[in-house]
Amino acid sequence: MAYLAIENLAKYFGSVTAVDHVSLEIERGEFLTLLGPSGCGKTTILRMIAGFEIPSEGRILLEDEDITNRPANKRPMGMVFQSYALFPHMTAEQNIAFGMEIKRLPKEQVKRRCAELLELVGLADAGRRYPHQLSGGQQQRVALARALAIEPKVLLLDEPLSALDAKVRVNLRNEIRRIQQQLKMTAIYVTHDQEEALAISDRIAVMARGHIEQLDRPEEIYSNPHTVFAATFVGSSNQFHAIVESPAEGICRVGEMQLRVPPLRERRKGDRVLLVIRPEEVTLRNVEEMGANGSPGIDTNMLSGYIELRTFLGPFTRFLVRSSLGMLTADVHSQSARGYEVGQQVYAVFPASASQALLLDAAEAELVQMVDAERI
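The present account deals with the structure reproduced in this document. What you see is a predicted model; the values in this text were computed from it and never measured. (Residues numbered from 1 in each chain as written. Predicted model: local features only at pLDDT ≥ 70, side-chain atom pairs only at ≥ 80, totals over all residues. Heavy atoms only, no water.)

## Observations regarding the packing of aromatic side chains
For clarity, the threshold we go by: Note on aromatic contacts: the rings of Phe and Tyr and the six-membered ring of Trp form a pair at centre separations within 6.5 Å, being stacked when their planes are under 30 degrees apart, edge-to-face when over 60 apart, and tilted otherwise. We count a stretch as a helix when DSSP gives it H or I for four or more residues in a row; a strand needs E for two or more, and each element gets its number in order from the N terminus.
A full pass over the atoms with the stated rule returns five aromatic pairs. A centroid spacing of 6.1 Å and a plane angle of 80° characterise the contact between Phe319 and Tyr340, whose relative ring orientation is edge-to-face. With a gap of 21 residues between them, Phe319 in strand β17 (residues 316-323) and Tyr340 in the loop between β18 (326-333) and β19 (345-351) connect regions that are remote in the sequence.

## A word on the sheet that holds strand β3 (residues 31-35)
The following threshold applies: Strand pairing requires that DSSP identify at least two bridges connecting the strands. In this analysis an axis means a line fitted to C-alpha atoms, helices contributing only their contacting stretch, and an angle means the value between N-to-C directions, from 0 to 180 degrees. Contacts are assigned to residue pairs that have any heavy atoms within 4.5 Å of one another.
Read across the sheet, six strands follow the order β6-β7-β8-β3-β9-β10 without closing on themselves; strand pairing throughout is mixed. Looking at the sheet topology across the chains shown, the edges are occupied by β6 (77-80) and β10 (211-216). In this sheet, adjacent strand axes meet at a mean angle of 20° when their direction is disregarded. Running over the sheet, helix α4 (residues 136-149) touches β6 and β7 (154-158) and is turned about 170° from β6.

## As for helix α2 (residues 92-102)
Residues spaced three or four apart along an α-helix point in a common direction, a consequence of the helix completing one turn every 3.6 residues. Convention followed: Burial classification: accessible surface area is computed with a 1.4 Å probe over protein chains only, and a residue below 20% of its type maximum counts as buried, one above 50% as exposed, and the rest as partly exposed.
All buried positions along α2 are accounted for by Ala92, Asn95, Ile96, Ala97, Gly99 and Met100. Buried-residue contacts for α2 involve α3 (107-120) and α4. Where α2 ends, the next residue or the one after it, Arg104, has phi of about 60°, a positive value.

## A closer look at the pairing of strand β14 (residues 272-277)
For β14, the buried fraction is high: five of the six residues fall into the buried class. As paired elements, strand β11 (residues 238-246) and β14 share six bridges and run antiparallel to each other. Looking at β14, one finds that Ile243 is bridged to Arg272. Where β14 lies against strand β20 (residues 356-359), four bridges are found, and the strand directions are antiparallel. Bridged to Leu275 within β20 is Ala357.

## Looking at the pattern of salt bridges
So the rule is basically this: In what follows, salt bridge is the name for a side-chain nitrogen of Lys or Arg lying within 4 Å of a carboxyl oxygen of Asp or Glu.
Across all of its chains, the model carries 18 salt bridges by this definition. Its salt-bridge partner being Glu53, residue Lys11 comes within 3.9 Å of it at the nearest N-O pair. Remark: Glu53 occurs in the loop between α1 (42-50) and β4 (57-62) and Lys11 occurs in strand β1 (residues 4-13); sequence separation between them is 42 residues. For the pair Lys11 and Glu53, one class covers both residues: buried. Taking the shortest distance from any N to any O, the salt bridge between Arg217 and Glu219 comes out at 3.3 Å. Using a relative accessible area of 41% as the deciding quantity, one classes Arg217 as partly exposed.

## Some thoughts on the packing of α4 against helix α5 (residues 166-183)
The condition is simple: For this classification, under 35 degrees means roughly parallel, over 145 means roughly antiparallel, 65 to 115 means roughly perpendicular, and everything else is oblique. In this scheme the handedness of a crossing depends on how the near helix is turned from the far one: anticlockwise by less than a right angle means left-handed, clockwise means right-handed.
Viewed as axis vectors pointing N to C, α4 and α5 meet at an angle of 20°, and their least axial separation amounts to 11 Å. Considered as vectors, α4 and α5 are oriented roughly parallel to each other. Remark: the crossing between α4 and α5 carries right-handed chirality. Packed against α4, whose contacting residues are Gly137, Gln140, Arg141, Leu144 and Leu148, the element α5 presents Val168, Leu172, Glu175, Ile176, Ile179 and Leu183 at the interface.

Shown next, in the form of structure tokens:
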């Protein structure tokens, strides 16, 4: 039996379906992330688990006990909010102690626990400071320590890093993961930041329109997306609308050109698909090199084009190549990128094995548009 189970959970706000019959099992000590765009239902699920919202349908079980209708203050949950939600008139130590004092724990135990938690979150010398004397990252560390103080069975984090600047966000997400693993704490994390989700999760539930598109390990979500939405929302990708010409041979037509993908055993000739190729799978070859070496092989796709933009990003350089099929993105190791400049004619090359052909119906096409709108 799962440590925490969500069974057929639904939430309606009038005629709006915020969560559409979601089922989910979370193991003890697991770090699960709910990832998706605004309005996909991820925060609503978290609030139902916390007890701040009552489900319209379904059940929530913790250690096989039904807590669906239990009040929030009676649930063994610790919550970390996006806005810190610290008491401004209390010091960091007093904020951390608040939940323990409500439980009427002995003063010496509270004091000892506060010192341990301040040490754990890296604020051993900041216990007597007030929130306005702390940076945003420090305030969120205090909020995390306060949530842990009551020794919750499940730690809930609702976009806790979104108000912080980029460098602080990376450092603190690593700290959250370190602390969660050190305490073997079961945690559910809500974010719309794909990089954040990929970096710290044991599993990710990619959400859209109130339901789970894919639930899997980060590596699988990125490398083997099961749906068009999962493929387009998580990570950068090149996308081509195509028609399947030969499922057995993995041949798809994009405009007037054929591209090769792995054999499409579950597709039929004439199916509309979205071809997804990650930028790091695309390599660049100059015209002279291809002329000397000949064709790259039958299982390799090759598009001719011109470099329109070159962006140095440290370990890799991102190129935008205008090809006959439209704009193509290639992420090239910066050591190998030195010979390519804007305006240069090149071949963008990627193997058939790097291409995924995901069935594209009207509903999936609409979801792709939603992802694009979210990123603008």
